[in-house]
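Structure assessment
Each chain is listed here by its residues.
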Amino acid sequence: MPQTPSLQRAVSRRSLLRALGGTAALGALAGCGVQAAYVQPGDRAGVDLSATDKRLNWANWPLYIDTDDDDSTKRPTLDAFERSTGISVDYVEEINDNDEFFGKISPALMNHQQTGRDLIVISDWMCARFVRLGWVQEMDRSAQPNVAAHLDPLLRSPAFDPGRVHTVPWQSGITGIAYNRRKLGRDIHSVSELWAGDLKGRVSLLSGLDEAFALLMQGNGVDITRWTADDFHTVCDQVEKNVKRGQIRRFTGNDYTKDLVSGDVLACQAYSGDVIQLQADNPDIRFVVPEEGAELWSDSLMIPDLARHKTNAERLVDHYYDPEVAAELAAWVNYVCPVPAAQAVLADSDDEDTAALAENPLIFPDATMRERLAIARDIESKERVEFTKRWNSIVGL
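The rules behind the values
- Residues numbered from 1 in each chain as written.
- Predicted model: local features only at pLDDT ≥ 70, side-chain atom pairs only at ≥ 80, totals over all residues.
- Heavy atoms only, no water.
- Helix = DSSP H or I, 4+ residues; strand = E, 2+ residues; numbered from the N terminus.
- Rg over C-alpha atoms; globule rule 2.2 N^0.38 Å.
- Contact = heavy atoms within 4.5 Å.
- Areas by Shrake-Rupley, 256 points an atom, 1.4 Å probe, with all protein chains shown as cover.
- Lys, Arg positive; Asp, Glu negative; His and termini not counted.
- Charge placed at Lys NZ, Arg CZ, Asp CG, Glu CD.
- Phe/Tyr/Trp six-rings, centres within 6.5 Å; stacked < 30°, edge-to-face > 60°.
- Buried < 20%, exposed > 50% of the residue type's maximum accessible area, 1.4 Å probe, protein only.
- Lys NZ or Arg CZ within 6 Å of the ring centre and 35° of its normal.
- Polar contact = N/O pair within 3.5 Å; in protein donor to acceptor, adjacent residues only side chain to side chain.
- Salt bridge = Lys/Arg side-chain N within 4 Å of Asp/Glu carboxyl O.
- pLDDT = per-residue confidence, 0-100.
- Axes fitted to C-alpha atoms, helices over the stretch in contact; angles between N-to-C directions.
- Parallel < 35°, antiparallel > 145°, perpendicular 65-115°, else oblique.
- Nonpolar A, V, L, I, M, F, W, Y, C, P; charged D, E, K, R; others polar.

Broken down by element type, the chain carries 17 helices and 10 strands. A compact globule built from 397 residues should have a C-alpha radius of gyration of about 21 Å, and the chain, at 21 Å, falls within 12% of that. The C-alpha extent of the chain, read off along each of the three principal axes, is 65 × 60 × 35 Å. Long-range pairs, those at least 24 residues apart, make up 79% of the contacts in the chain with a sequence separation of at least 6. Total accessible area on the chain stands at roughly 15500 Å², and carbon and sulfur atoms take up 48% of it. Side-chain charges in the chain split into 41 positive and 60 negative, and the spacing between the mean points of these groups amounts to 6 Å.

If you want it as C-alpha cells, here you go:
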C-alpha cells in the first residue's frame, strides 16, 4: 500500500469560478432556451457495446489516482481492475477546471451527440447542472453491490441528485478553516473569528462562488441544505464590509496554501485534503471544522448520455467501492474517503504510516465532526447570473 503522498501530489480538485466562466456558458443555454438543451430520459441511453467491446474511456483530474512509487505510468488500483475484468481503460487526465470541461463537452451533449467519454469526474456543483439538463444517465445499482453497501450515508442523497442515482462520489473533502497555530497564538473555533481584530489583513477567502459561500453561511447559523437568496445576500454584505475595512488580504484559488505557509495569511478558507499535505511539513498548520459546521463536498463519477460502454463504466465505479481498493486509493490521495469501511482496512496495515491514516479525521471524520458536516444546496441556474455578478463584484473578478 502506498505511503502518505508528497506535496507534489496534493493538487486540489476544487476549481475557482473565473469571471463569468460557467455562468456565461449557462447563459448561452438559457438564451437558446434551456428546454432546447434538456435531454429527455428516454433519449439518454446509447447502444451499449460493453458485452463485446471490453474497454471504456475515463476522464479525470490530474494527480487524482494512485500511482506506483517507482513508475508513475502504473496505477495499481486501475491496473488491478483491468487484470480482473479484462476491460481496458483509456484513462485521460484532461479535467483541469469544471467550467473549462463543461465548455469542452457541452456542445455534444446539448446536441445529443456522443462525447467520446464513458465516465467523467467533476465537482458536485457542476454535476448538478448535468443532472438538471439530463446530460447523464442513471446507474444500475443492481450491478453495483459495493456502492450500495459501502457509500457513506452522509453522501447518499444530495439535493441535486436524491438517492445518488446519477452520480457516485469519487473523493470528498471539507471546506473549513486552516490557520497557523504558532503564529496566531490561539485556536480558531468558529467562522466569526475570521473577522477578529488580531487577524486584520491576514485572512483570505476562496474566490470561487461555489467554493466559498456555504461555509460563510454556516457561520451565520444557516442550514446550507436549504439556504435562501436572503442568506446569500447577507453573506455578501458581510464580506463586502470586511473587504472595505481591510480584514481580508485577498481572495484566492488554490494558491491560498502559499500564503498560509509563508505567514502572509494566518487564517483562511481551506480544503481538508490540502491541509493534510501542509501538515506533513508544518505541524503548526491546523484545520478546523467550525462549531457552526462546514461544507462536505465531492467530486463525483458520472456516465454521460450516449456512452458506448455504460456497463463497463458501472463495473469500474463499483470496483472503487470495494473497501480494499478504496483504502489503497485513500492512502494516496488523502481526501475524505467516501467508503467508511476502508478505515478498518487501513488500520490493519503493517505499515505504521499507512495505519495512522485510519485515525485521521480529515480522511475518516469522527462522529463529532460528522454531525457538523452538510452538503450545500447548489446554486440553481435561475439564481446563478445574479449571484455570480454580485459575488464577483466583491471579489474583483
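Once you've had a look at it, read on.
Summed over all chains, the structure comprises 16 aromatic pairs. Measuring from ring centre to ring centre gives 6.4 Å for Tyr64 and Trp170, while their planes differ by 80 degrees; the resulting arrangement is edge-to-face. Of this pair, Tyr64 sits in the loop between β1 (55-60) and α3 (76-85) while Trp170 sits in strand β4 (residues 168-180), and the two are 106 residues apart along the sequence. Each member of the pair, Tyr64 together with Trp170, is buried. Here Trp297 and Tyr335 contribute two aromatic rings whose centre-to-centre distance is 6.2 Å and whose plane-to-plane angle is 65 degrees, an arrangement assigned as edge-to-face. Placement of the pair is Trp297 in strand β9 (residues 294-302) and Tyr335 in the loop between α13 (323-333) and α14 (342-347), with a sequence separation of 38 residues. Take Trp297: its relative accessible area is 3%, and that puts it in the buried class. Overall, the relative accessible area of 1% leaves Tyr335 in the buried class. An aromatic cluster is present here, built from Trp58, Tyr64, Tyr91, Trp170, Tyr256, Tyr271, Trp297, Tyr320 and Tyr335 joined pairwise through their rings. Taking NZ or CZ as reference, Arg129 lies 5.7 Å from the ring centre of Phe102, over its face.

For Thr175, the position within the fold is in strand β4. On a C-alpha basis, the gap between Thr175 and Glu295 in space is 5.3 Å, while along the polypeptide they are 120 residues apart. Side chain to side chain, Thr175 and Trp297 meet in a polar contact 3.1 Å long.

With respect to the element layout, Glu94 can be found in the loop between β2 (88-93) and α4 (98-110). For Glu94, the contacting residues outside a window of four places in its chain are Ala59, Asn60, Phe101, Lys104 and Arg117.

With that settled, the discussion passes to the pattern of salt bridges. One pass over the structure, following the stated rule, counts 23 salt bridges. Asp53 is paired through a salt bridge with Arg55; the nearest N and O atoms lie 3.0 Å apart. Accessibility expressed as a relative area gives 39% for Arg55, which makes it partly exposed. Residues Glu193 and Arg186 are paired through a salt bridge, measuring 2.8 Å at the closest nitrogen-oxygen approach. For Glu193, a relative accessible area of 18% translates into the label buried.

On to unusual backbone geometry. Within the chain, Leu63 stands out as a residue other than glycine whose phi angle is a positive 55 degrees. Considering the arrangement of structural elements, one finds Leu63 in the loop between β1 and α3. Of note in the backbone geometry, Arg164 takes a positive phi value of approximately 50 degrees without being a glycine. As for its placement among the helices and strands, Arg164 is situated in the loop between α6 (145-150) and β4.

In this model, the chain carries an average pLDDT of 91, and 91% of its residues clear a pLDDT of 70 or more. Within the model, the stretch residues 1-28 combines pLDDT values under 50 with 92 contacts to residues more than four positions away or in other chains.

So, on to the packing of helix α8 (residues 209-218) against helix α17 (residues 381-395). Two numbers describe how α8 lies on α17: the axes approach to 11 Å, and their chain directions differ by 85 degrees. Classed by the angle they form, the pair α8 and α17 counts as roughly perpendicular. Contacts between α8 and α17 pair Leu209, Asp210, Ala212 and Leu216 from the former with Arg384, Phe387, Thr388 and Trp391 from the latter. Looking at the contact of α8 with α17 residue by residue, the classes come out as 5 nonpolar, 1 polar and 2 charged.

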